[in-house]
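# Descriptive structure summary
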Amino acid sequence: MNKNKVYIETYGCQMNLADTEVVMGILNNKGYELTKEIDSADVVLLNTCSVRDNAEQRIHGRLGNIGTLKQKNPNMVIGILGCMAERLRDDLIKKKKMVDLVVGPDEYRRLPELIDTAFAGGKGIGVKLSRTETYEDIEPYREEGLAAWISVMRGCDKFCTYCVVPFTRGRERSSKLTSVVEEVRLLSERGFREVTLLGQNVNSYSDGENDFADLLTACAEVDNNLRIRFMTSHPQDLSDKLLYIISEYSNICNYIHLPVQSGSDRVLKEMNRTYTIEHYLGIIERARKIIPSVTFSTDIIVGFPTETEEEHKMTLDIMAKVRYDGAFMFKYSPRKGTRAFKMEDDIPENVKSRRLTEIIDQQLKIAYEINQELIGTEDIVLVENLSKKSDQFYSGRTDTNKIVILPIGNNVKIGDFVKVKLYKATSATLFGDFIEIVDVYRK
Ligand code: 5AD
Ligand code: SF4
């Protein structure tokens, strides 16, 4: 019997989605086939996230369900990939007997060999971190689509005190500019219309000769009808050179994900974030000067150890000052092995919850107000899908990453860039009338 059907579930960040495509690229080369039906799979892989405890709890829960499947089909190989594999290592195999494979983010090349070990009745473990692995020579397995991502650097050297990523993904290393540009070219030829360059900290991209601004320039020049996005930027390293490049190329999106984490300099220091609020606001101000239509999103943690009520108000304050278009907001979750883990997790759960609700409420209000101001203006939308709510509408996104609903008709197809006039808005969605299809993407 051919044991070649692989089913894979991905948890966590976009980096993991990109890694799943690399994993499928590697397995595909060895004759494995992707299946969307877990019941018929010979190999079931979970690509996991460790960034917060609730992500890990979800995965433990999922493993419980999969265990029942394995009872029915004892030959099924079950594997944990990604950050949880790296963090928990062979403990996973000791505690969860059903797990046959534990493979961290830098050992995916060995997956075929480790899967063979598992089929032969052994346990496949690969959890070494690498200083050089970038998988740049591996062609990720991508289904047809419009938006793709490319991981351009791996790992993180920042060591924010709350964050487990430097431990699960290891040191920073970058793919060569030429290999990223080649991938962008292939995607453009296949008809993709948007590429996101990914890294935990893209601004420290360096392949020895080129920095991130150089990389972005080279990618933007491949095809001016292909939108380029990037994330995540660390406020310490975001250069003016990069801002000028964004303003210069019409196909580089006017959208920067710039995590602030907290509004208090003291908390930022405890987090080892290496910038002050003054420095952060300076970047925002310069970015708005250089790229007038730029929008920002951010990440925020509430309830970091010792965060006072006053410091929490400072977080509300910076959000009100910057007026982010979007924010990912989290309660602090202690992660073993990090420096903050040694501090007492002293903010009670109910206080964390209340602080989280306060920042979410404020963010929704700000996003609503920002979107109301857009009514009556024009923008260009990449048409991506049929609207989920009605069969008379498409949904798409602006280059500032906002979802726009627009009518089906006027010869508009999925994949077109369409100029619309906005007539209605909620905090999360804009509604636009058709103006014209845009042949060459220009803002
Ligand atoms: N607890 C809560 N949020 C965290 N993040 C990272 N580590 C933790 C943690 N221990 C958040 C940060 C980061 C985002 C990806 O996840 O805000 O920017
Ligand atoms: Fe974690 Fe900080 Fe690195 Fe982001 S920059 S991955 S929060 S250590």
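My aim in this report is to walk through the structure given alongside it, one point at a time. (Residues numbered from 1 in each chain as written. Chains lettered and ligands numbered in written order. Predicted model: local features only at pLDDT ≥ 70, side-chain atom pairs only at ≥ 80, totals over all residues. Heavy atoms only, no water.)

## Some thoughts on the pattern of salt bridges
The test is simple: Here, a salt bridge means any Lys or Arg side-chain nitrogen found within 4 Å of an Asp or Glu carboxyl oxygen. A run of H or I in DSSP becomes a helix once it reaches four residues, and a run of E becomes a strand once it reaches two; helices and strands are each numbered from the N terminus. Burial classes follow relative accessibility: with a 1.4 Å probe on protein chains only, a residue under 20% of its type's maximum area counts as buried, one over 50% as exposed, and anything between as partly exposed.
Within this structure, the stated rule accounts for 44 salt bridges. Across the salt bridge formed by Glu143 and Lys36, the nearest N and O atoms sit 3.2 Å from each other. Linking Glu143 in the loop between strand E6 (124–126) and strand E7 (147–151) with Lys36 in the loop between strand E2 (33–34) and strand E3 (43–48), this pair joins segments that are 107 residues apart in sequence. When its relative accessible area of 64% is taken as the criterion, Lys36 is described as exposed. Arg397 serves as the salt-bridge partner of Glu384, at 2.7 Å between the closest nitrogen and oxygen. Taken together, the residues span a long stretch of sequence, with Glu384 in strand E15 (residues 378–386) and Arg397 in strand E16 (residues 393–397) at a distance of 13 residues.

## Points about the sheet that holds strand E11 (residues 227–231)
Heads up, the condition is: At least two DSSP bridges between two strands are required for those strands to pair. Here an angle of 0 to 180 degrees is reported between the N-to-C directions of two axes, which are lines fitted to C-alpha atoms, with helices fitted over the stretch in contact. Should any heavy atoms of two residues lie within 4.5 Å, those residues are counted as being in contact.
Across the sheet, which stays open at both edges, the three strands sit in the order E7-E10-E11 with parallel pairing between neighbours. Lying at the two open borders of the sheet, with one neighbouring strand each, are E7 and E11. If you compare each strand with its neighbour and ignore which way they point, the axes differ by 25° on average. Examined bridge by bridge, E7 and strand E10 (residues 194–198) share five bridges and lie parallel to one another. Bridging from a neighbouring strand, Trp149 pairs with Thr196 of E10. Contacts from helix H7 (residues 177–189) reach E7, E10 and E11 within the one sheet, and its direction differs from that of E7 by about 165°. Sitting on the sheet, helix H8 (residues 212–220) touches E10 and E11, and the angle it makes with E11 is about 155°.

## Details of the site of ligand 1
The criterion, for reference: Near is defined per residue: the residue qualifies when any heavy atom it owns lies within 4 Å of the molecule or strand. Two N or O atoms count as a polar contact when they lie within 3.5 Å, although within protein this holds only if one can serve as hydrogen donor and the other as acceptor, and sequence-adjacent residues are included solely when both atoms are side-chain atoms. For the accessible areas, the method is Shrake-Rupley and the probe is 1.4 Å, while residue cover comes only from the protein chains on display. Think of it as three bins: nonpolar holds Ala, Val, Leu, Ile, Met, Phe, Trp, Tyr, Cys and Pro, charged holds Asp, Glu, Lys and Arg, and polar takes everything else, Gly as well.
Every residue near ligand 1 is listed here: Val51, Arg52, Tyr162, Gln261, Asp299, Ile301, Phe330, Lys331, Tyr332, Ser333 and Arg335. The separation between an oxygen atom of ligand 1 and a polar side-chain atom of Gln261 is 2.7 Å. For ligand 1, the accessible surface in isolation is 400 Å², of which the surrounding protein chains cover 85%. For the shell around ligand 1, the elements supplying multiple residues, two or more each, are strand E13 (295–302) and strand E14 (326–331). Looking at the shell around ligand 1 residue by residue, the class counts come to five nonpolar, two polar and four charged.

## Focus: the pairing of E3
Buried residues dominate E3, accounting for six of its six residues. Here E3 shows a buried face lined by Val43, Leu45 and Asn47 and a second buried face lined by Val44, Leu46 and Thr48. Relative to E3, strand E1 (residues 5–10) runs parallel, the two sharing five bridges. From the neighbouring strand, Glu9 faces E3, where its bridge partner is Leu46.

## Details of the packing of aromatic side chains
Given two aromatic rings, one states the distance between the centres and the angle between the planes to describe the pair. This is how it is decided: Aromatic rings from Phe, Tyr and Trp, with only the six-membered ring used for Trp, were paired whenever their centres fell within 6.5 Å, and each pair was classed as stacked if the ring planes differed by under 30 degrees, edge-to-face if by over 60, and tilted otherwise.
As enumerated under the stated definition, the model contains eight aromatic pairs in all. With centroids separated by 5.5 Å and ring planes inclined at 75°, the aromatic side chains of Phe159 and Phe167 adopt a geometry described as edge-to-face. The partly exposed category is assigned to Phe167, whose relative accessible area is 37%. Between Tyr162 and Phe304, the ring centres sit 6.5 Å apart and the planes meet at 80°, which makes this aromatic pair edge-to-face.

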